[in-house]
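# A look at the structure
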Amino acid sequence: MSASLFVVILGFCICKGSSRSTLGRPEVIGPSKVLVKSIIDFQCELKIYPENETILLQLFKKDNRDKLLGESTSLNGEVGTMPMVITLYHEGSLECVAKAQNNSNIEPTVSYAHYLKVVDPVEGAEVAVRSGPVDFFEGKTLELHCDLIAGNHVSYKWLLNGQLVSQSPLHHVADNNLLINRTTSKDSGSYMCVATNHFDETNFTSISEVMITVKDVVSIPDISFAVLKEDSHNYSAEVTCQSTKGTPPVTFSLYNRTELVANVTIEERNATFKVPLVLGQHLGLLQCQANNGDRTEFSQRIPLEVVPVGGPVMMHYDYDVGENYAVTGLRFYCKAAKGSLPQYRWFLNNTLLHDRGRFYKVANQPPEQSILLLSVGRSSAGTYHCEVSDSFDNTSSISSNWMYLDKEVLNRLRVSVVAVVFGCFTFLVVLVSSCCLVGAMFRRRQYGGRYLLSLEMKGMEAAYEGELDLSEYNEDADLVTMARGGEFDQASEASVDEWQRRRRWRMNQLRDPEGSNCS
């Protein structure tokens, strides 16, 4: 009995001593988000601990036991407090290690990880142009980077002239980087980087901007000239060089073949030059060159030659027809025999017609011709003509012939139309009659020999019976009868020559019957 009681008491003591030698898992107590440079007390609590043992509590970053963040000692389960001045290094997973200070038989224990987010307020944003100069020509790549003096957990926005820059095939936005490929002048403007982070309800923002200028390369210039009349004998050409695009300033140069005539640099996309001019003479080939800093563009070459207007001035017309073949629309054409810069004017009953009216419209196609479009009616009746003069000198002009037209005249059949219709009808009648005549002649030639042969034989037969006394020429009559019978039998086979030979033989027989018998 006493032995059993001793065993029970010993086991109880062993169990109680074992429980006091075991450490529970510690727990890290502290905020999950803090501002950098703030002072925060982190605590490490151990709920299961051995009695009368001093426990060392240490705070580390997870998987890094080389750098101690804080430590505290605990006796009989006291909570260990570790104040820290927060730096960016403290961000991450923290863990508390508990171990007995003077008893190596007690195994250390480690807490679960406690994640700490450290917020560094954004500060000192600045846009850096990594692609090069802020002023460049279209087609190149623009790369911007937003640098910060301080700040983490930052969100970025890029604005161009106050508008948000969105992702596109040519615009690539990635946090604090902006990349634009194949830039154009539309990409010019103020680029702003807006960097923002927040702590609880507090937002921190830093802004920086930079001005970018993307210049358009000057386009191929157009060249033209107008003639100016200085006095009655002197003229000059005002040459215009113009490009449709290109960021000013632009330098324009005018060349006559390879010789430089003049050049000018202006804040416009066009320039004018004045050169002497002699009418009717070829004075060379003019060409414009334009450059705004990237490359030089060349216009086409045009001849510096002005031919004065010369006659004759020809006018003709055509028309449209509607229902019942009535003329509904009319077009007059006016053209001068020569002239580089003609000016056309139309007149109705010697009254000048302007560009557009109730029943007409003028369509100029310089220098080739001018067209007057008319709707046929009572208002459009009258006498028309056109006059042509030089556009730079209207002191003299050349007139076309005058032409009277009204609706009745237009709808009346012209003599030429009647002549054509009657001529076609006559030609058909003659053609049909000729065909019939040729056909008749061909049939007569084919069958006429046989028909004439039959008639002549019948005629001779009647003559023989009426004129000859066959009683005196019995032998010859028999011969004639035999010949006639044989002739009819062979008529379809004998040729015309054979028939003529026999005919001559019979005629000789009739004239000289005795000679025939004698022979």
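Further up the page is the structure itself.
Now for a description of the structure that goes with this document. (Residues numbered from 1 in each chain as written. Predicted model: local features only at pLDDT ≥ 70, side-chain atom pairs only at ≥ 80, totals over all residues. Heavy atoms only, no water.)

Moving on: the overall build of the protein. A count of helices and strands for the protein gives six helices and 35 strands. The buried share among the 519 residues of the protein stands at 34%. A fraction of 61% describes how many contacts in the protein between residues 6 or more apart in sequence connect residues 24 or more apart. A total of about 32200 Å² of accessible surface is found on the protein, and carbon and sulfur atoms cover 53% of it. (Helix = DSSP H or I, 4+ residues; strand = E, 2+ residues; numbered from the N terminus. Buried < 20%, exposed > 50% of the residue type's maximum accessible area, 1.4 Å probe, protein only. Contact = heavy atoms within 4.5 Å. Areas by Shrake-Rupley, 256 points an atom, 1.4 Å probe, with all protein chains shown as cover.)

By size, the foremost hydrophobic cluster in this structure holds 23 residues, and its most contacted members are Phe332, Trp346, Leu372, Leu374 and Tyr384. Every element with two or more residues in this core is listed here: β27 (310-321), β28 (327-338), β29 (342-348), β31 (360-365), β32 (369-375), β33 (382-390) and β35 (403-405). The element best represented in this core is β28, accounting for five residues. Setting aside its immediate chain neighbours within four residues, Phe332 contacts Met315, His316, Tyr317, Trp346, Ser370, Ile371, Leu372, Leu374, Tyr384, Met403 and Leu405. With 22 residues, the next largest nonpolar core counts Leu57, Met82, Leu94 and Ala100 among its residues. (Core = buried A, V, L, I, M, F, W, Y, C linked by side-chain atoms within 4.5 Å.)

To continue, consider the sheet that holds strand β15 (residues 171-174). With antiparallel pairing, the four strands of this open sheet are ordered in space as β10-β12-β16-β15. Both outer strands of the open sheet, β10 (126-129) and β15, are each paired with one neighbouring strand and no more. Taking the axes of each pair of neighbouring strands and ignoring which way they run, one obtains an average angle of 15° across the sheet. (Pairing = 2+ DSSP bridges. Axes fitted to C-alpha atoms, helices over the stretch in contact; angles between N-to-C directions.)

For the rest of this paragraph, the subject is the pattern of salt bridges. If you walk through the whole model with that rule in mind, you get 10 salt bridges. Between Glu230 and Lys274 there is a salt bridge; the shortest N-O distance is 3.9 Å. One end of the pair, Glu230, is in the loop between β19 (222-229) and β20 (235-242); the other, Lys274, is in strand β23 (residues 270-277), and 44 residues separate them in sequence. Under the relative-accessibility criterion, Glu230 is labelled partly exposed at 45%. The shortest N-O distance in the salt bridge between Asp318 and Arg331 comes to 2.9 Å. Residue Asp318 is located in strand β27, and its partner Arg331 is located in strand β28; the two are separated by 13 residues in the primary sequence. A relative accessible area of 29% places Asp318 in the partly exposed class. (Salt bridge = Lys/Arg side-chain N within 4 Å of Asp/Glu carboxyl O.)

Moving on: the sheet that holds β19. The sheet built from three strands is open, its strands ordered β19-β20-β23 with antiparallel pairing. One side of each edge strand has no neighbouring strand; the edge strands of this open sheet are β19 and β23. Neighbour-to-neighbour, the strand axes of the sheet open up by a mean angle of 25°, direction not taken into account. With eight bridges joining them, β20 and β23 adopt antiparallel strand pairing. Residue Cys241 lies in a different strand from β23, and its bridge partner there is Ala271.

Before going further, it helps to examine the pairing of strand β24 (residues 285-291). Burial within β24 is extensive, with five of its seven residues counted as buried. Two strands pair when backbone bridges link them, and strand β21 (residues 250-256) and β24 are joined in this way by six bridges, in the antiparallel orientation. Within β24, the position partnered with Leu254 by the bridge is Cys288. Pairing of β24 with strand β26 (residues 302-303) involves two bridges; the strand directions are antiparallel. Bridging from a neighbouring strand, Leu285 pairs with Pro303 of β26. Counted between consecutive antiparallel strands, the loop separating β24 from strand β25 (residues 296-298) contains four residues, among which Gly293 sits at a positive phi close to 115°.

Right, let's talk about the state of the cysteines for a bit. What the rule picks out here adds up to four disulfides. One disulfide in the model links Cys44 with Cys96; its S-S distance is 1.7 Å. As the torsion about the S-S bond is roughly -100°, the Cys44-Cys96 disulfide counts as left-handed. Here Cys44, found in strand β3 (residues 39-45), pairs with Cys96, found in strand β7 (residues 92-100); they are 52 residues apart in sequence, far enough to count as distant. Judged by its relative accessible area of 0%, Cys44 falls in the buried class. Assessed through its relative accessible area of 0%, Cys96 is described here as buried. (Disulfide = S-S within 2.5 Å.)

In short, geometric facts, not functional conclusions.
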